[in-house]
Amino acid sequence: MSSSLTGSQSLIDLSLSAYRWFEDGMLGRLKDAGWSEITRAHSRVFTSIDRGGTRSSELARRLGVTRQAAHQTIQELVELGFLQLAPDPTSRRAKRVVLTPRGKRVVADAREIFRELEATLARRIGRKRVARLRRAFESDWGEPVGQPRPARHVRGARLEVVE
């Protein structure tokens, strides 16, 4: 990990390390539960799909990847039976990426695993610390300094664009 000029780890390094702790735990537990085909890229798509489905271009934007990269990962998940493409009710030409019943099962398992990981973290560092972390991450951080485009704010577990 990199360190700041003061010699201590930067907040971004600490945040990324915490993110990886949850992601590694989730992927390991999913593998133990029989979902061994799920990769990091797959898990990130699952967390970015809205309940009613999401266009692949919007998924690419949320994930911070090219449309081609998003399409490749979506296609892998379609072939594995986790996602399907459905007509978009707002446009005859567009398709929405939606969870299949199998996709809904893996997402339900992942949600339970995240609850268990959060409980493990609370046992390790204390419930009050976890509650403070949650409040900090749920806070509106405002627009990033020098951000010329619409700002992405931290709200819960998902990045949202505020226009």
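Residue indices follow the written sequence of each chain, beginning from 1 at its first position. For a predicted model such as this one, the threshold for reporting local features is a pLDDT of at least 70, and the threshold for listing and counting side-chain atom pairs is 80 or more; totals across whole chains, interfaces and linings nevertheless cover every residue. For side-chain calculations, the full set of non-hydrogen atoms in the structure is used, while hydrogens and water are omitted.

How do you make sense of the nonpolar core when you look at a structure like this?
Within soluble globular proteins, side chains that are nonpolar generally end up buried alongside one another. Within the largest apolar cluster, 21 residues are counted, with the highest numbers of intra-cluster contacts made by M26, L30, I38, F46, F82, L83 and V106. Ranked by residues supplied to this core, first place goes to helix α5 (residues 101-125) with five residues. Any two residues whose heavy atoms approach within 4.5 Å at even a single point are treated as in contact. Those residues in contact with L83 that lie beyond four places of it in its chain are V45, F46, I49, I74, L77, V78, V97, V98, L99 and T100. Take the buried residues of types Ala, Val, Leu, Ile, Met, Phe, Trp, Tyr and Cys, join any two whose side-chain atoms come within 4.5 Å, and each joined set is a nonpolar core. When a residue's accessible area, from a 1.4 Å probe over protein chains only, is under 20% of the maximum for its type it is buried; when over 50% it is exposed; and in between it is partly exposed. Helix and strand labels come from DSSP, where a helix needs a run of H or I of at least four residues and a strand needs a run of E of at least two; each type is numbered from the N terminus.

For this particular structure, what's the right way to read the pattern of salt bridges?
A side chain of one charge can pair with a side chain of the opposite charge if their charged atoms are brought near each other. Between Lys or Arg on one side and Asp or Glu on the other, a salt bridge is scored when a side-chain nitrogen of the former is within 4 Å of a carboxyl oxygen of the latter. Applying the stated criterion across every chain, the model contains 13 salt bridges. With a shortest N-O distance of 2.7 Å, R102 and E37 are connected by a salt bridge. Taken as a pair, R102 in helix α5 and E37 in the loop between α1 (11-32) and α2 (40-46) lie far apart in primary sequence, 65 residues in all. Under the relative-accessibility criterion, E37 is labelled partly exposed at 24%. One salt bridge in this structure joins R61 and E58, with 2.5 Å as the shortest N-O distance. One end of the pair, R61, and the other, E58, are both in helix α3 (residues 56-63), three residues apart, so they sit about a helical turn from each other. Exposure remark for R61: the relative accessible area of 29% places this residue in the partly exposed category.

When you look at the packing of aromatic side chains in this model, what are you seeing that I'm missing?
Think of a pair of aromatic rings as described by two things: how far the centres are apart, and how the planes are tilted against each other in angle. Two rings from Phe, Tyr or Trp (for Trp, the six-membered ring) form a pair when their centres are within 6.5 Å of each other. A pair whose planes differ by under 30 degrees is stacked, one over 60 is edge-to-face, and the rest are tilted. A complete count under the given rule lists five aromatic pairs for this structure. Centre to centre, the rings of F46 and F82 are 5.8 Å apart; their planes meet at 80°, and the pair counts as edge-to-face. Of this pair, F46 sits in helix α2 while F82 is found in the loop between α4 (67-79) and β1 (83-88), placing the two residues 36 residues apart along the sequence. For the pair F46 and F82, one class covers both residues: buried. Note on F137 and W141: the rings are 6.1 Å apart at their centroids and 25° apart in plane angle, and the pair reads as stacked. The class for F137 is partly exposed, based on a relative accessible area of 35%.

What should I look at first to understand the confidence of the model for the protein chain in this one?
Detailed reading of the predicted model is not advised wherever pLDDT is low. Per-residue confidence from the predictor is reported as pLDDT, which spans 0 to 100. Chain-level pLDDT for the protein chain is 89 on average; 85% of the residues reach the 70-or-more range. Taken as a whole, residues 153-163 scores under 50 in pLDDT and shows 31 contacts with residues more than four places along the chain or in a different chain.

Before we go on, may I ask you to explain the environment of E118 in this structure?
Position of E118 among the secondary structure elements: in helix α5. Judged by relative accessible area, which is 28%, E118 ranks as partly exposed. Along the chain, E118 and V130 lie twelve residues apart, while their C-alpha atoms are 8.0 Å from each other.

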